[in-house]
Amino acid sequence: MEREMKFGTRCVHSGEKPDPVYGAHTTPIFQTSTFVFENTEQGAARFAGEEAGYVYTRIPPNTPTHAALAEKVADLEGGEAGQTFASGMAAITALVLGHLKQGDHLISTDVVYGCTYSLFLTVLPRLGIKVSFIDTSDLDKVRAAFKENTKMVFLETPANPTMTVCDIGEIACMAREHGALCVVDNTFSTPYFQKPLELGADVSLSSCTKYIGGHADLLGGVVVGSKDFMSCLAPVVGYTGGIMGPHEAWLCIRGLKTLHLRMEKHAENALEVAEFLESHPGVEWVRYPGLPSHPQHLIAKKQMSGYSGMISFGVRGGLEAGRRLMDSVRLCSLAVSLGATDTLIQHPASMTHACVPCEIRKSVCITDELVRISVGIEEPEDIIADLEQALEKI
Ligand code: LCS
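Residues numbered from 1 in each chain as written. Predicted model: local features only at pLDDT ≥ 70, side-chain atom pairs only at ≥ 80, totals over all residues. Heavy atoms only, no water.

### Quick word on the domain arrangement of the chain
The condition that has to hold: Delimitation of the domains relies on an automatic or database domain assignment. It only takes one pair of heavy atoms within 4.5 Å for two residues to be counted as in contact. Salt bridges are counted wherever a side-chain nitrogen of Lys or Arg sits within 4 Å of a carboxyl oxygen of Asp or Glu. As used in this structure description, the phrase polar contact means that two N or O atoms lie within 3.5 Å; if the pair is within protein, one of them must be able to donate a hydrogen and the other to accept it, and residues adjacent in sequence are counted only when both atoms belong to side chains. Labels follow the DSSP assignment, with helices taken as runs of H or I lasting at least four residues and strands as runs of E lasting at least two, numbered in each case from the N terminus. Gly counts as polar in this scheme, as do all residues outside two lists: the nonpolar Ala, Val, Leu, Ile, Met, Phe, Trp, Tyr, Cys and Pro, and the charged Asp, Glu, Lys and Arg.
Looking at the chain, the domain boundaries give domain 1 (7-256) and domain 2 (260-391). Contacts between the two partners involve 43 residues from domain 1 and, on the opposite side, 41 residues from domain 2. Across the contact surface, domain 1 and domain 2 share one salt bridge. Our enumeration of links across domain 1 and domain 2 arrives at 20 residue pairs in polar contact (both at pLDDT 80 or more). Listing elements by their share of the side of domain 1 that touches domain 2, those giving two or more residues are α1 (7-13), α5 (114-123), α7 (168-177), α8 (190-193), α9 (208-212) and α11 (246-256). Sorting elements by how many residues they give to the side of domain 1 that touches domain 2 places α5 first, with five residues. Here the residues of the side of domain 1 that touches domain 2 are counted per class, giving 23 nonpolar, 17 polar and three charged.

Set out below in structure tokens:
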């Protein structure tokens, strides 16, 4: 049996081979909207799905650049096939529109990225799809939420921005018993630290805008699942058209070549920053899955091989003190998004999760004092020194 290469080697090599025409070592950017057929018979066969090949960039497999990226991410996630999208939200939209229909029921983690929340809260009900937002860290609540028409369970773990962790394996098992698809938003962990499909989920998706691209210079999304599931999703991709640009696909391929190195450094730095914050008298509480004080630390330890670079915390003095902190940082950037080489700090209640109704935010602990930090790959002493001087100003 052929030996499986280690994860870091697969980050560099999976999905890629030298260009068959000119021998270019790196995967070329196929900056084209259409592909030339040899004759009408071939064109018809490609459209009928009787012959594999490229047709038009909106239609999967899009271009060879997209195909290489999809294959690389699918391999890293341990899945059979992947599909790239224009953004994480385009991926989530195609997934729910492709799988759910009027009369279906969706169970979602009650703390998810703000736009995911709004999509589920405002758009799906208009299409006759009912959504239950559940604290998925409580398995009894998840068990009680299933209905006869539950067709999908959508988990975000660790959750944006509270860092709540839920047990993917246990919930995937429940979903299977009820004939529902288990989807995990793996954006915060990446397949380097967490492999939802190996834990039993059916689909793993990520916003490539974050750690996969890794450098805060692109928007993208990706979905990975079985070949059968992805071939059902493919027509919806063509119909909805939220396609990644070829240049972004190429940037993601380049970003992924260092995923293993970046994630190690993000996690190493984040632990140091979390420990610093936890010991600082100006900080009231810290949530980082790698700290023993995290309420689901043991579940995180069971299903993640590392804890990534995201931390949330509350400053003593509440919202006003938090604002002063965020307005005083110098090295860290006051910006939304996450998973960049650079450290980013932001205020979810007024920024990424401002679209979540206030009473719902409060009920799921996205409190006004919560500050979220995406720890970059700078040297940790410098990040800590910046936070220390900003904390002096609160
Ligand atoms: N899933 C998660 C967990 C996210 O954090 C985001 C974006 C998305 C999906 C959507 O991805 P996008 O469409 O932006 O590629 N999260 C953001 C955040 O926390 N700040 O800005 C965007």
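### Here's the deal with the sheet that holds strand β5 (residues 181-185)
Here is the rule: For two strands to count as paired, DSSP must find a minimum of two bridges between them. Where helices are involved, their axes are fitted lines through C-alpha atoms of the stretch in contact, as for all axes, and angles between N-to-C directions lie from 0 to 180°.
Spatial ordering of the open sheet is given by β1-β7-β6-β5-β4-β2-β3, a layout of seven strands whose pairing is mixed. The open sheet terminates on both sides in strands that have one partner only, identified here as β1 (81-85) and β3 (130-134). Each strand axis lies, on average, 20° off the axis of its neighbour in the sheet, ignoring direction. Sheet topology places β1 next to strand β7 (residues 221-225); five bridges connect them, and they run antiparallel. The residue bridging Gly82 from the neighbouring strand is Val224, located in β7. Here α5 sits on the sheet and contacts β2 (105-109), β3 and β4 (150-156); the angle it forms with β3, its principal contact strand, is near 135°.

### Considering the sheet that holds strand β8 (residues 283-287)
Spatially, β8-β9-β12-β11-β10 is the arrangement adopted by the five strands of the open sheet, whose pairing is mixed. Either end of the sheet is taken by a strand with one partner, and the two such strands are β8 and β10 (333-334). Relative to strand β12 (residues 370-374), strand β9 (residues 310-315) is paired through five bridges, and the arrangement is antiparallel. Each bridged residue has a counterpart across the sheet, and for Phe313 the counterpart in β12 is Val371. Here helix α12 (residues 259-279) sits on the sheet and contacts β8 and β9; the angle it forms with β9, its principal contact strand, is near 10°. The sheet strands contacting helix α14 (residues 318-328) are β9, β10, β11 (344-346) and β12, and the helix crosses β9 at an angle near 125°.

### Some words on α5
Worth spelling out the cut-off: Each residue's exposure class comes from its accessible area (1.4 Å probe, protein chains only) as a fraction of the maximum for that residue type: buried when under 20%, exposed when over 50%, partly exposed otherwise.
Buried within α5 we find Gly114, Thr116, Tyr117, Ser118, Leu119 and Phe120. Here the buried face of α5 lies against α4 (88-99), β2, β3, β4 and α15 (358-363).

### Things to note about unusual backbone geometry
With an omega of -10°, the peptide bond between Thr157 and Pro158 qualifies as cis. Summarising the element assignment, Pro158 is placed in the loop between β4 and α7. Residue Pro161 is reached from Asn160 by a cis peptide bond, and omega for that bond is 10°. For Pro161, the location among the structural elements is in the loop between β4 and α7. Here Thr190, not a glycine, exhibits a phi torsion of approximately 65°, which is positive. When its relative accessible area of 2% is taken as the criterion, Thr190 is described as buried.

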